[in-house]
Amino acid sequence: MLSEKHQIVHAPFREEILSPLPPLIRSALVSMYNGEPQIGLDGERHNLHVGTGISTDEGMWLFNLCCEVKPKATLEVGLACGFSTLYFLAAIHENGFGHHTAIDPFQSHFYGIGLRHSENVGMSDRFRFLEKKSALALSQLARGEETFPLIFIDGRHHFEYALSDFMLASELCPAGGYIIFDDFGWSSVNRVVAFVRSNRKDFEELKIPVASLAAFRRIGDDERPYGHFVEFFEPFGSWSEMRSTIRPLVPSLVRRGVKAIARLVKPYQSKPRPPS
Ligand SMILES: C[S@@+](CC[C@H](N)C(=O)[O-])C[C@H]1O[C@@H](n2cnc3c(N)ncnc32)[C@H](O)[C@@H]1O
């Protein structure tokens, strides 16, 4: 069991938003969003980790995109308790075909709750789980020449991991396919998105109504000349980011200003006495 501080705190959510989903999947999601303890692979009930799953807005956007694009195969990095997986499985159920692959090396941290959900909703035959770090799993999929027209990146949120997930995912994404980042608001993910925007012209960004996601569609091949690089640093992605960057600098700027003034006035303060 997780300690008190790890128990999930749920804002009330609107259950109606999930009404287009198949009943079994909908009730699994409702139970998780309501913060009910979930059954793991050990058959025991466990409390959920705080904030690991995607929101209903994100999930329904992914579900609708899958229903529209009708991909033969979908892929996600980051299974955790299986919120996003359930939306993908719901779209496969709706489309009547498709297969979903989830990558996560740490399912045991989540008591196998994500895997248990895919079994409970009766879609094990449409689901594959790769219990590996994404760099390894994505490389293996690329070696097997598999392609995935819809890829969701929600794994390790450090800058270089999200960048590596994108780079390897781009090897698996065919023309016309989609790569979607979760947690666009995180500075680490935000910088990766800034890189893709300015350097990967083989992807176009979609304007979407969910602010926490960033979505790209593959529109061509990667034809950059050798060594091509466009600066991608967007110093201030938002006002709040600008404030949080500048605030810690203020005391040191003030200190430096005071020292500079002190240096300027010093020569006039005390003149050395001529030797007697
Ligand atoms: C934010 S959670 C994913 C939430 C999930 N998409 C959902 O909606 O329920 C991030 C997941 O990334 C996984 N993760 C951490 N490092 C990873 C890595 N190197 N490769 C793949 N997954 C990783 C964690 O174990 C965790 O389950």
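For the structure itself, consult the block above.
Source: prediction; values computed, not measured.

Thresholds, definitions, all that
- Residues numbered from 1 in each chain as written.
- Predicted model: local features only at pLDDT ≥ 70, side-chain atom pairs only at ≥ 80, totals over all residues.
- Core = buried A, V, L, I, M, F, W, Y, C linked by C-beta atoms within 7 Å.
- Buried ≥ 20, exposed ≤ 12 C-beta atoms within 10 Å, placed from the backbone.
- Helix = DSSP H or I, 4+ residues; strand = E, 2+ residues; numbered from the N terminus.
- Contact = placed C-beta atoms within 7 Å.
- Pairing = 2+ DSSP bridges.
- Near = placed C-beta within 6 Å.
- Nonpolar A, V, L, I, M, F, W, Y, C, P; charged D, E, K, R; others polar.

Brief notes about the nonpolar core
For soluble globular proteins, nonpolar side chains are generally found buried alongside one another. One finds Leu86, Leu89, Ile151, Ile153, Ala169 and Ile179 to be the most contacted residues of the largest nonpolar core, which totals 65 residues. Among the elements that line this core, the one with the most residues is helix H3 (residues 83–95), at eight residues. Not counting the four nearest positions on each side in its chain, Ala169 is found in contact with Leu138, Ile151, Ile153 and Ile179.

Notes on the pairing of strand S6 (residues 150–153)
Along S6, one buried face is formed by Leu150 and Phe152 and the opposite face, lined by Ile151 and Ile153, is buried too. Where strand S3 (residues 73–77) lies against S6, four bridges are found, and the strand directions are parallel. Bridging across to S6, Leu75 finds its partner in Ile151. For S6 and strand S7 (residues 178–181), the ladder comprises four bridges, and the chain directions are parallel.

Description of the site of the ligand
Contacts to the ligand come from 21 residues, most closely from Gly78, Ala80, Phe83, Phe106 and Arg156. For the shell around the ligand, the class distribution of residues is 10 nonpolar, seven polar and four charged.

A look at unusual backbone geometry
Positive phi is not limited to glycine here, since Ala80 has a value of about 50 degrees. Positionally, Ala80 belongs in the loop between S3 and H3. For Glu145, which is not glycine, the phi torsion reads 60 degrees and is therefore positive. Positionally, Glu145 belongs in the loop between helix H5 (134–143) and S6. Overall, Glu145 belongs to the exposed group, with 8 C-beta atoms counted inside 10 Å.

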